[in-house]
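Spelled out, the chains give:
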Amino acid sequence: MRNLEIKEEGQKYVMNTYGRLPLAVVRGKGAYVWDADGKEYLDFVSGIAVNNVGHCHPKVVEAIANQAETLLHCSNLYWIESQVKLAKILVENSDFDKVFFCNSGAEANEGAVKLARKYAKQHWGEDKYEIITMKKSFHGRTLATLTATGQEKFHKGFEPLPQGFSYVPFNDLEALEKAIGPHTCAVMLEPVQGEGGVLPGEDAFIKGVRKICDEKDLLFIVDEVQCGLGRTGKLFAYQHYGVEPDIMTLAKALGGGAPIGAMLAKEKVAAGFKPGDHASTFGGNPLVTAAGVAALNVILEEDLVHNAEVMGEYLMCKLEGLKKKFNFIKEIRGKGLLLGMECAKEVSGIIEACLEKGLLLINAGPNVLRFIPPLNITFEQVDRAAVILEEALAAS
Ligand SMILES: *Cc1c(COP(=O)(O)O)cnc(C)c1O
């Protein structure tokens, strides 16, 4: 089928929950994808920070093929070898001790909320349940995680919302201190906000959150679903700040394209869960954890974290150069290969013009262009993207 046919059948049969661009991506290799009409695109979206190792990385493809032939699924009633391996790699490369696997970012955050409440009730009292999150945050689309999300547009129409969440402006320690009440049990944030507009946490803020959490007996939860796994030029974004959170959530890039999420915690906090407290049928199943082991090994062995730092700086320079040429560009910000270009106008037209010219881009809110290419992107590919973007900006 061609783009148009797929689109028309999709409109007929698939629920209308996404504002989709008029193409079907049918094949990918590295930083390139092809649509159903055979057109090639340079991919600076990466499935929204999923394809950190590029599309169809041979090591990930091989691991999935081998696992599919051996054992596709196994219940968590039994030990799963690739799940144990993935947990071990995550623990050995982070500051956490235990891992729970699930299927998505939202589900990882649900798990974090449940663990924080369970732990807080055991250690600090039955009335500890409230979690403070940040305005402009994004934590997922389940009822609890859309409530945790500090943006009203995600709440509207889904009331009544679950209780026990409150919001403060990001990077505002004073507001956070004021918001802490008798029921507060945790603070949850993205070290670099993604959907909210590519907003990095300030050093003093993130360090301050850790200090306040220690002083007030609160858990510090980082949502690294988008900014984790090498994206920002560190394996985990919290590592930029010299702090150790209590709980971290991952998903997007963890399976190299396979759907998997994870919630990691310090030993003491993880002990809040006992058998029966939390579970997932597919969570950490053989297929997706085999993909995860391969993807994480690629990130580590091919030094993609360092490449994200180097290429991030290079892309940042290119974008700063464009800012000098176009006065509607207000700010370039972000860390590593999670970069944003804030404009004084809506960016949807620029995204469509780039698409036309063979470059996939995504926004982060109406006025911010977001740049999230695979972490193994090359200088030549960044150069090509910058040329296409400049043409699109000039025509906008
Ligand atoms: C994408 C995202 C989520 C939700 O992940 P899903 O896999 O779509 O449920 C949660 N938090 C952050 C920071 C995200 O970027």
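Preceding block: the structure.
This write-up is about the structure you can find in this document. (Residues numbered from 1 in each chain as written. Predicted model: local features only at pLDDT ≥ 70, side-chain atom pairs only at ≥ 80, totals over all residues. Heavy atoms only, no water.)

1. Some thoughts on the overall build of the chain
Defined as follows: Per the convention used, a helix needs a DSSP run of H or I reaching at least four residues, while a strand needs a run of E reaching at least two, with both numbered from the N terminus. For the radius of gyration, the atoms used are the C-alpha atoms, and the globule rule reads 2.2 Å times the number of residues raised to 0.38. With a 1.4 Å probe rolled over the protein chains alone, any residue whose accessible area is under 20% of its type maximum counts as buried; one over 50% counts as exposed, and the rest are partly exposed. Note on contacts: a residue pair is in contact if any heavy atoms of the two residues lie within 4.5 Å. Accessible surface is estimated by sampling points in the Shrake-Rupley manner with a 1.4 Å probe; for residues, cover comes only from the protein chains shown. In this charge count, Lys and Arg are treated as positive and Asp and Glu as negative; neither His nor the chain ends contribute. Charged groups are reduced to one reference atom each: NZ for lysine, CZ for arginine, CG for aspartic acid, CD for glutamic acid.
For the chain, the helix and strand inventory stands at 13 helices and 17 strands. Relative to a compact globule of 396 residues, whose C-alpha radius of gyration would be 21 Å, the chain shows 21 Å and is just as compact. Over its C-alpha atoms, taken along the principal directions, the chain stretches across nearly 60 × 55 × 45 Å. Out of the 396 residues belonging to the chain, those deemed buried represent 54%. Nonlocal contacts in the chain, meaning residues at least 24 apart in sequence, comprise 71% of its contacts between residues at least 6 apart. Carbon and sulfur atoms provide 54% of the accessible area of the chain, an area that totals close to 17900 Å². Looking at charge distribution, the chain has the averaged site of its 43 positive side-chain charges lying 2 Å from that of its 51 negative ones.

2. A few points about the pairing of strand β7 (residues 184–189)
Just so we agree on the cut-off: A pair of strands is labelled paired if DSSP reports no fewer than 2 bridges between them.
Of all six residues in β7, six are buried, a share of seventy percent or more. Here three bridges tie strand β5 (residues 130–134) to β7, and the two strands are oriented parallel to one another. When the sheet's bridge partners are listed, I131 is paired in β7 with A186. For β7 and strand β10 (residues 219–223), the ladder comprises four bridges, and the chain directions are parallel. Directly across from M188, in β10, lies its bridge partner I221.

3. Remarks on the nonpolar core
Convention followed: Among buried residues, the Ala, Val, Leu, Ile, Met, Phe, Trp, Tyr and Cys ones that are joined through side-chain atoms within 4.5 Å form a nonpolar core.
Counting residues in each nonpolar core, the largest one holds 85 residues, and the members touching the most others are F44, M341, F371 and L389. Residues Y119, A148, F165 and C185 belong to the second largest nonpolar core, which totals 23 residues.

4. Details of the sheet that holds strand β1 (residues 25–29)
The strand order across the open sheet built from four strands is β1-β2-β3-β15, with neighbouring strands paired in mixed fashion. Only two strands of the sheet have a single partner each, and these edge strands are β1 and β15 (359–360). In the sheet, strand β2 (residues 32–35) pairs with strand β3 (residues 40–43) via three bridges, with the strands oriented antiparallel. Paired with V33 across the bridge in β3 is Y41.

5. What about empty space enclosed by the protein?
To keep it simple, the criterion reads: A cavity here means a set of 1 Å grid points, computed over protein atoms only, where a 1.4 Å probe fits but cannot escape. A pocket is an open set with protein on both sides within 12 Å along at least 5 of 7 lines, and lining residues have an atom within 4 Å of a point. Grid points are joined across faces, edges and corners, and a volume is the space filled by probe spheres set on the points.
Per the counting criterion, the structure on display carries one cavity of 30 Å³ or more. In this structure, the largest cavity encloses a volume near 30 Å³. Every residue lining the largest cavity is listed: F44, L315, L319, L359, F371, A385, A386 and L389. Of all the secondary-structure elements, those providing two or more residues to the lining of the largest cavity are α11 (304–325) and α13 (379–395). Among the elements that make up the lining of the largest cavity, the one with the highest residue count is α13 (three residues).

6. Some thoughts on the pattern of salt bridges
Quick reminder of the rule: For this analysis, a salt bridge means a side-chain nitrogen from Lys or Arg found within 4 Å of a carboxyl oxygen belonging to Asp or Glu.
Throughout the structure, instances matching the rule amount to 17 salt bridges. When the shortest N-O distance is used, the salt bridge between E195 and R370 registers 3.1 Å. Remark: R370 occurs in strand β17 (residues 368–371) and E195 occurs in the loop between β8 (192–193) and β9 (199–200); sequence separation between them is 175 residues. The class for E195 is partly exposed, based on a relative accessible area of 21%.

7. Focus: the pairing of strand β12 (residues 261–265)
Within β12, five of the five residues are buried, which leaves the element mostly enclosed by the surrounding structure. Bridge analysis of strand β4 (residues 98–102) against β12 gives five bridges, and the strand direction is antiparallel. Counted as the bridge partner of F100 is M263 from β12. Note that strand β11 (residues 247–250) and β12 share four bridges and pair antiparallel. Its bridge partner being in β12, L250 is matched across the sheet by A262.

8. A look at the packing of aromatic side chains
In plain terms, the rule: Centres within 6.5 Å are what make two rings of Phe, Tyr or Trp a pair, Trp counting through its six-membered ring; a difference in plane orientation under 30 degrees is then read as stacked, over 60 as edge-to-face, and the rest as tilted. Here, a charge over a ring means that NZ of Lys or CZ of Arg falls within 6 Å of the ring centre while also lying within 35 degrees of the ring normal.
Inspection of every chain in the model, using the stated rule, returns seven aromatic pairs. Considering the side-chain rings of F96 and Y238, the 5.7 Å spacing of their centres and the 85° angle between planes classify their relative orientation as edge-to-face. One end of the pair, F96, is in the loop between α4 (81–92) and β4; the other, Y238, is in the loop between β10 and β11, and 142 residues separate them in sequence. We note that F96, like Y238, is buried. Between the aromatic rings of F236 and Y238, the centroid separation amounts to 6.2 Å while the plane-to-plane angle is 5°, which identifies the pairing as stacked. Neither residue differs from the other here; F236 and Y238 are each classed as buried. R27 extends its terminal NZ or CZ atom over the ring of W34, reaching a point 4.2 Å from the ring centre.

9. Overview of helix α12 (residues 348–356)
Every α-helix carries 3.6 residues per turn, so stepping three or four residues along brings you back to the same face. Here is the rule: What the arc measures is the spread of directions leading from the helix axis to the C-beta atoms.
If you check which residues of α12 are buried, you get I350, I351, C354 and L355. Along the long axis of α12, the arc covered by the buried residues comes to 140°, so they all point the same way. Check the buried side of α12 and you find it contacts β3, β15, β16 (362–363), β17 and α13. The positive-phi residue at the C-terminal boundary of α12 is G358, with phi of around 90°.

10. Observations concerning the site of the ligand
Heads up, the condition is: For each residue, the test is whether any non-hydrogen atom lies within 4 Å of the molecule or strand; if one does, the residue is near. N or O atoms within 3.5 Å of each other form a polar contact, as long as, within protein, one can give a hydrogen and the other can take it, and as long as residues adjacent in sequence are counted only when both atoms are side-chain atoms. Ten residues, namely Ala, Val, Leu, Ile, Met, Phe, Trp, Tyr, Cys and Pro, are considered nonpolar, four, namely Asp, Glu, Lys and Arg, are considered charged, and the remaining ones, Gly among them, are considered polar.
Lining the immediate environment of the ligand, one finds S104, G105, A106, N109, F138, H139, G140, E190, D223, V225, Q226 and K252. In this structure, an oxygen atom belonging to the ligand sits 2.8 Å away from a main-chain N or O atom of G105. A distance of 3.2 Å separates a nitrogen atom of the ligand from a polar backbone atom of F138. Burial of the ligand by the surrounding chains reaches 81%, relative to a free accessible area of 390 Å². Ranked by residues supplied to the shell around the ligand, first place goes to helix α5 (residues 105–124) with three residues. The residue makeup of the shell around the ligand, split by class, is three nonpolar, six polar and three charged.

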